[in-house]
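The chain contents come next:
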Amino acid sequence: MCLGVPGRVLEVRGQTAVVDFFGVRRETRLDVVDEPVAPGDYILNHVGFAIRKIPTPEIGETLALYEMLLREAEHDIMAADVRGEIDAAPVAEDGPDA
Amino acid sequence: MPETAVPSAVDELKFRDPAKARALAAALGKVTREVGHAPVSVMHVCGSHEQAIAKFGLRTILPKGLNVIMGPGCPVCVTDLPEVDEAVVLAQDGKIIASYGDMLKVPGTAQSLADAQALGGRIEVVYSAAQAVELARDTTDDVVFFASGFETTAVATAAVALGDVPPNFSILSAHKYIPPVMEIVAEMPDSRVEGFLAAGHAAAITGWKIFERFVEKHRVPVVVAGFEPLDILAGLVKLIELVRDGTPRVENMFPRCVTPDGNRNAQRQLWRVFRTQGGRWRGIAHVPNGNLRLRDEFAHLDARSRYPIDLRRLWTHAPSALTQVCICGEIMAGLNAPENCPLFGKECVPESPVGACMVSSEGTCKIWYQYGGHPEL
Amino acid sequence: MSTVLRSPGETIREEVVTLKHGAGGQAMRRLIADILAQGFAPGPPDGIGLAAMDDGAAIRVGERWLVVTTDSHVVHPVFFPGGDIGRLAVAGTVNDLAMMGATTPLALTCAVIVEEGFRRADLERIHRSMQETCDEAGATVVAGDTKVMGRGELDGIVINTTGIALADAIVPDAGLRPGDRVIVTGTIGDHGMALMAKRHVLALEGELRSDVAPLNRLIAAALAAAPGLVSAMKDPTRGGVASALHEMAEKSRVGVVLQEPALPVSSVVRSAAEMLGLDPLHIANEGKALLGVRPDAAGRVLAALRAQPLGRDAAVVGECIVEHAGRVILDTGIGRRLVSEVEGEPLPRIC
């Protein structure tokens, strides 16, 4: 529905920020974001506007949430089997030759 | 291979870990079996979810007993013929049309914007509403911003309307508002949908509490999920757990972007500029309050008030007989699959789409055509 | 099918040539097959002619092959990060010869069509760039033609180059066999993404640079490392790796399975693609080649490529299979999907 891309704020000039999107820089407008944004903050960009300031700790929290789901599933034999398969599978970086 | 050295990239890649994805898929298989009937049908109402499901090949690892239906989550697909026609007529009248790239190939009654461009119309692809304003500043000709997308995207249009714009700039709003159409889908008599996966980026604006009334009314769970492979899989695990337990409630599985109340600043700007209005969504139905239109106090920015737009001159052609056969509506309502459409992959292909589902990169039919629906790969 | 079922939009799309017919995908191949490749007397029986729609033609001359190719170049903007239309015009034709196995260009011709009002200094700069690129490739221009057209009758400048070369053996598009490995000679999507960042007022900043370069010496090294074992070659220009591989897979009647984690993509192209909602597999390259290689030779060819500066990021990215003939499948590391071809120029999207 809406392509949202996270990026890191490099510089703020009034209602505009220069944001680094994993190596590509672009200006992003700050008109609609509901918190003050400073260099170093992460924002979610949609069509050239920051729509949300992403609190860094919550990235870790989300990942922890998923780990919990996995641990719940761990008791299941099927899941354990699949995990075994994954561990046994060739490492992706080696490509099709592996 | 080049390294992704930037820290934010590393964070994002964690959400694409193949081993974790497979483990989550296994967990999903387990909860799906525990529901006790098959298939379990859930719907996502977000084209970007489908885009991610397709892009990362997630359908090949989803459990067999789980039916993830694509709902009316693509704003490009549901933009109605007359809305495209309005933009085409304005292009024919010599206005510069600034449009998001997504809208260019969407068929209107007679032409798409890409057709209008091939016939001499001036169509500029922009990435941001702010760029459409810049475009107007750099010319003395009239620039009409063909504003498409759901409320998330409408927020950007609102911000532009509230800012400083040159007199030759106006807005043709085709924005859509998603909550009303969820009601329509949930109330469809043939609906088999047992739970909804809600779009994380729209919820970043509206907040997740907006779904509470919906859950109460329809007694189906709603899970807000993000767009990385792990986000989607984890969102589905949580949703099926709620289905299994018979506990309809809203769960937010995208806390890094979504809060209970959303972005109030964005909401304020959105509703200052726009009001809802009933209107047809292509292939779905008349959706009460489904369209976002400029309020009267912004009439000076509204292309519909500023220019006479005579659509009748496009309607010298009878509507295509093919469009009568098209089952886009049933597909977007989750009642049918592209492979059951007699036109799919034959008369209707991405190069010459009949229905809008074949146009947008997040249209159900195009995604199935490009990525294969349930491929045995 | 009957005309009754046609929508007016379709009629418009069929009556005029639109930009998608030049975008390197199926629409373009159909236009060529339906109109432009029709009606000419067949070429020499054992050579490669127009009907093969390969990178160029091959005509037997005694024990060797004469390879001929021609290409017209238009690009916006004329000067772009990493190159310009002059470099593109020489490299494009040298590369088309190389993709047939002809890595020593005998000569190029060059026809320039310029719009009235084009700056002389720009023309000089383009000419210098052509010279430099010729030196890099060991090629030279032996004949030319110049036309000037009225203002507005042409958008700036068009350069056509034709190249000829002799080759001992021809490497066709259609030579892939099940089991063959697919090698890409470096990072993908650089050229198209650098141009897209400049067009569409995207205002992207970053180290996006076109990869435009003559590949003949790189390819010569690869061919020398495993004589007779490079089965197919194609440069993934317009339409990107997706289109080029589809064409190779279709002509060779094999399926291709690509390993996404193995695909070399620079972090900046990856980010820009992510931002604009595009797939690097759809983005044009002007200094990369796809090679089909017999399984035993893949290691040798890869090592030979990586020893060259233009091939240092080369990687084995896929394998040909018997099943799914004509299709390209992507293994994302999580699941699998079909790779699509682009229809028309890829456009940035927001949804």
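Every chain's residues receive numbers from 1 upward, in the order its sequence appears when written. A letter from A marks each chain and a number from 1 marks each ligand, given out in the order of writing. Selection of residues for local features in this predicted model requires a pLDDT of at least 70, selection of side-chain atom pairs for listing and counting requires 80 or more, and totals for whole chains, interfaces and linings are taken over all residues. Calculated side-chain values reflect all of the structure's heavy atoms, with hydrogen atoms and water omitted.

Here's the deal with the overall build of chain C
And then number 1: Helix and strand definitions here come from DSSP, where helices need a minimum of 4 consecutive H or I residues and strands a minimum of 2 consecutive E residues; each element is numbered from the N-terminal end. Of regular secondary structure, chain C possesses 9 helices and 14 strands.
And then number 2: Here the C-alpha radius of gyration of chain C, 20 Å, is about what a compact globule of 351 residues would show, namely 20 Å.
And then number 3: Oriented by its inertia axes, the alpha-carbon framework of chain C measures out at about 55 × 50 × 50 Å.
And then number 4: Whether two residues touch is decided by their heavy atoms; if any such pair falls within 4.5 Å, the residues are in contact. When contacts within chain C are restricted to residue pairs at least 6 apart in sequence, long-range pairs at least 24 apart make up 83% of them.
And then number 5: Surface summary for chain C: the accessible area is close to 14,100 Å², and the carbon and sulfur share equals 54%.
And then number 6: Counted as positive: Lys and Arg. Counted as negative: Asp and Glu. His and the chain ends are not counted at all. Lysine's charge is taken at NZ, arginine's at CZ, aspartate's at CG and glutamate's at CD. In chain C, the 34 positive side-chain charges and the 43 negative ones have mean positions that sit 2 Å from each other. Just to be clear, the radius of gyration here is over C-alpha atoms, and the globule rule we use is 2.2 Å times residues to the power 0.38. Under the convention used here, a 1.4 Å probe and the Shrake-Rupley method define accessible areas, while residue burial counts only the protein chains that appear.

Examining the packing of helix α8 (residues 151-162) of chain B against helix α13 (residues 264-273) of chain B
A packed helix pair is summarised by two numbers, namely the angle formed by the two axes and the spacing between the axes.
All names here are of chain B.
And then number 1: Between the N-to-C directions of two axes lies an angle of 0 to 180 degrees, each axis being a line fitted to C-alpha atoms and, for a helix, fitted only over the stretch in contact. The N-to-C vectors of α8 and α13 enclose an angle of 70 degrees; their axes lie 8 Å apart at closest approach. Overall, the two elements α8 and α13 adopt an arrangement that is roughly perpendicular. Facing Glu151, Ala154, Val155, Ala158, Ala159, Ala161 and Leu162 of α8, the residues of α13 in contact are Ala266, Gln269, Leu270, Arg272 and Val273. Throughout, the term roughly parallel applies to angles under 35 degrees, roughly antiparallel to angles over 145, roughly perpendicular to angles from 65 to 115, and oblique to all others.

Topic: the pairing of strand β10 (residues 274-281) of chain B
The side chains of a regular strand alternate, residue by residue, between the two faces of the sheet.
And then number 1: One ladder, built from 7 bridges, connects β10 of chain B with strand β11 (residues 285-294) of chain B; its direction is antiparallel. Residue threonine 276 of chain B lies in a different strand from β11 of chain B, and its bridge partner there is leucine 292 of chain B. Two strands are said to pair when DSSP picks up at least two bridges between them.

A few points about helix α8 (residues 267-276) of chain C
And then number 1: Of all 10 residues in α8 of chain C, 7 are buried; the element is thus mostly enclosed.
And then number 2: For α8 of chain C, the secondary structure elements touched by its buried residues are β1 (5-13), β2 (16-21), β3 (24-29) and β4 (42-46) of chain A together with α5 (190-198) of chain C.
And then number 3: Following α8 of chain C by one or two positions, glycine 277 of chain C has its phi on the positive side, about 70 degrees. To sort residues, take the accessible area from a 1.4 Å probe on protein chains only and compare it with the maximum for the residue type: under 20% means buried, over 50% means exposed, and anything in between is partly exposed.

A look at the sheet that holds strand β7 (residues 196-199) of chain B
Strand pairing within a sheet occurs via backbone hydrogen bonds; the two strands may be parallel or antiparallel.
Residues and elements named next belong to chain B.
And then number 1: The sheet built from 5 strands is open, its strands ordered β2-β1-β7-β8-β9 with parallel pairing. In this open sheet, the two edge strands, each paired with only one partner strand, are β2 (66-70) and β9 (250-252). Recorded for the sheet is a direction-independent mean angle of 25 degrees between the axes of neighbouring strands.
And then number 2: Summarising the sheet, β7 and strand β8 (residues 222-225) pair through 4 bridges and their orientation is parallel. Within β8, the residue paired with phenylalanine 196 across the bridge is valine 222.
And then number 3: Lying over the sheet, helix α12 (residues 229-245) contacts β1 (40-44), β2, β7, β8 and β9, oriented at roughly 170 degrees with respect to β8.

Thoughts on the packing of helix α7 (residues 129-137) of chain B against α8 of chain B
And then number 1: Two elements in contact, α7 of chain B and α8 of chain B, have axes separated by 8 Å at closest approach and are oriented at 35 degrees. Contacts between α7 of chain B and α8 of chain B involve Ala129, Ala130 and Val133 of chain B on the former and, on the latter, Ala156, Thr157 and Val160 of chain B.

Observations concerning the pattern of salt bridges
And then number 1: Salt bridges are defined by distance alone: a side-chain nitrogen of Lys or Arg within 4 Å of a carboxyl oxygen of Asp or Glu. Under the criterion given, the structure shown has 44 salt bridges over all chains.
And then number 2: Across the pair lysine 209 of chain B and aspartate 261 of chain B runs a salt bridge whose closest N-O atoms are separated by 3.5 Å. Separated by 52 residues along the polypeptide, lysine 209 of chain B in the loop between α10 (200-206) and α11 (212-218) and aspartate 261 of chain B in the loop between β9 and α13 bring together distant segments of the chain.
And then number 3: Take lysine 209 of chain B: its relative accessible area is 38%, and that puts it in the partly exposed class.
And then number 4: Linking lysine 251 of chain C and glutamate 247 of chain C is a salt bridge whose minimum nitrogen-to-oxygen distance equals 3.3 Å. Linking lysine 251 of chain C with glutamate 247 of chain C, this pair stays in helix α7 (residues 240-252), spanning 4 residues, or about one helical turn.
And then number 5: In this structure lysine 251 of chain C comes out as partly exposed when scored by relative accessible area, which is 24%.
And then number 6: Look at glutamate 247 of chain C and you get buried, because its relative accessible area is 10%.
And then number 7: A single network of salt bridges, built from pairs that share partners, joins Arg29, Asp173, Lys234, Glu247, Glu250, Lys251 and Glu341 of chain C.

Here we look at the domain arrangement of chain B
Residues and elements named next belong to chain B.
And then number 1: The source of the domain bounds is an automatic or database domain assignment. Partitioning chain B into structural domains gives domain 1 (7-74 + 190-252), domain 2 (77-177 + 263-314) and domain 3 (319-371).
And then number 2: The distance between the C-alpha centroids of domain 1 and domain 2 comes to 31 Å.
And then number 3: Counting from both sides, the interface comprises 10 residues of domain 1 and, opposite them, 12 residues of domain 2.
And then number 4: Carbon and sulfur atoms make up 67% of the surface buried where domain 1 meets domain 2, a total of about 850 Å² over both sides.
And then number 5: Across the contact surface, domain 1 and domain 2 share 0 salt bridges. Put simply, buried area is how much 1.4 Å-probe accessible surface two parts lose in total, over both of them, once they are put together.

Concerning the sheet that holds strand β1 (residues 57-61) of chain C
Residues and elements named next belong to chain C.
And then number 1: With respect to topology, 5 strands assemble into an open sheet ordered β1-β2-β7-β5-β6, the strand pairing being mixed. Two strands lie at the open edges of the sheet, namely β1 and β6 (141-149), each paired on one side alone. Taken over all neighbouring pairs, the strand axes of this sheet differ in orientation by 15 degrees on average, direction set aside.
And then number 2: Sheet topology places strand β5 (residues 105-115) next to β6; 8 bridges connect them, and they run parallel. Bridge assignment links cysteine 110 to a residue of β6, and that residue is glycine 144.

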